[in-house]
Amino acid sequence: MGKSDTTIDKDWVMKELTLWESKHKSRSGYIYPHSCDGLILKIRRKELGLSQQGVAEATGIQLRQYQRFELGERYLCNASMKIGLAICSVLKLNSYTFI
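Each chain has its residues counted from 1, following the order in which its sequence is written. Where totals are concerned, whole chains, interfaces and linings use all residues; where local detail is concerned, this predicted model gives features only for residues with pLDDT of at least 70, and gives and counts side-chain atom pairs only at 80 or more. As a convention, hydrogens and water are excluded, and side-chain values are obtained from all of the structure's heavy atoms.

Draft legend 1. View of the nonpolar core. As used in this record, nonpolar core signifies buried Ala, Val, Leu, Ile, Met, Phe, Trp, Tyr and Cys residues forming a set joined through side-chain atoms within 4.5 Å. Residue burial is assigned from relative accessible area. The probe radius is 1.4 Å, only protein chains are included, and a residue is buried under 20% of its type maximum, exposed over 50%, and partly exposed in between. Counting 16 residues, the largest nonpolar core has Leu 41, Ile 61, Tyr 66, Phe 69, Leu 76, Ile 87 and Leu 91 as its most contacted members. Put simply, DSSP H or I for four residues or longer makes a helix, DSSP E for two residues or longer makes a strand, and each gets a number counted from the N terminus. Elements with a contribution of two residues or more to this core: α3 (52-59), α4 (63-71) and α5 (81-90). Among the elements that make up this core, the one with the highest residue count is α5 (4 residues). Contacts between residues were defined by any pair of non-hydrogen atoms, one from each residue, lying within 4.5 Å. Apart from the residues lying within four places of it in its own chain, the contact partners of Phe 69 are Gly 38, Leu 41, Ile 61, Arg 74, Tyr 75, Leu 76, Ala 79, Ile 83 and Ile 87.

Draft legend 2. Highlighting α4. The set of residues buried in α4 consists of Tyr 66, Phe 69 and Glu 70. Around the axis of α4, the buried residues are gathered within 95° of arc, so they sit on the same side. For α4, the secondary structure elements touched by its buried residues are α2 (37-47), α3 and α5. Following α4 by one or two positions, Gly 72 adopts a phi angle in the positive range, close to 80°. Directions from the helix axis toward the C-beta atoms define the arc.

Draft legend 3. A look at the packing of α2 against α4. Between α2 and α4, whose axes approach to 6 Å, the crossing angle comes to 115°. The orientation of α2 relative to α4 falls into the category roughly perpendicular. Each of Gly 38, Leu 39, Leu 41, Lys 42 and Arg 45 in α2 lies in contact with α4, whose residues at this interface are Tyr 66, Phe 69 and Glu 70. Grouping the constituent residues of the contact of α2 with α4 by class yields 4 nonpolar, 1 polar and 3 charged. Helix axes are fitted only over the stretch in contact, all axes being lines through C-alpha atoms; the angle between N-to-C directions runs from 0 to 180 degrees. In this scheme, roughly parallel covers angles under 35 degrees and roughly antiparallel covers those over 145, while 65 to 115 is roughly perpendicular and the rest are oblique. Three categories are distinguished: nonpolar for Ala, Val, Leu, Ile, Met, Phe, Trp, Tyr, Cys and Pro, charged for Asp, Glu, Lys and Arg, and polar for the others, with Gly belonging to the last.

Encoded structure:
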């Protein structure tokens, strides 16, 4: 599947956070709950050295479906329990983070 101890470049993470913030902040400056779920998934996937396709295949969903979670078009808390737990299992994430 991928490497288990890949380190992430801190500059890349900061760039991703800045991009995410510019896309998800409302005019009033409010950031909606769960809007950062996709960023968490993306960073963790990269930490593990996995591709989006690899995560999708391991969880039994289509690539586009997984991409929607990472892009914030869908929230993991609104997914079926089976899909949510499968993604968290593959990415070794605590599922309670997304409730």
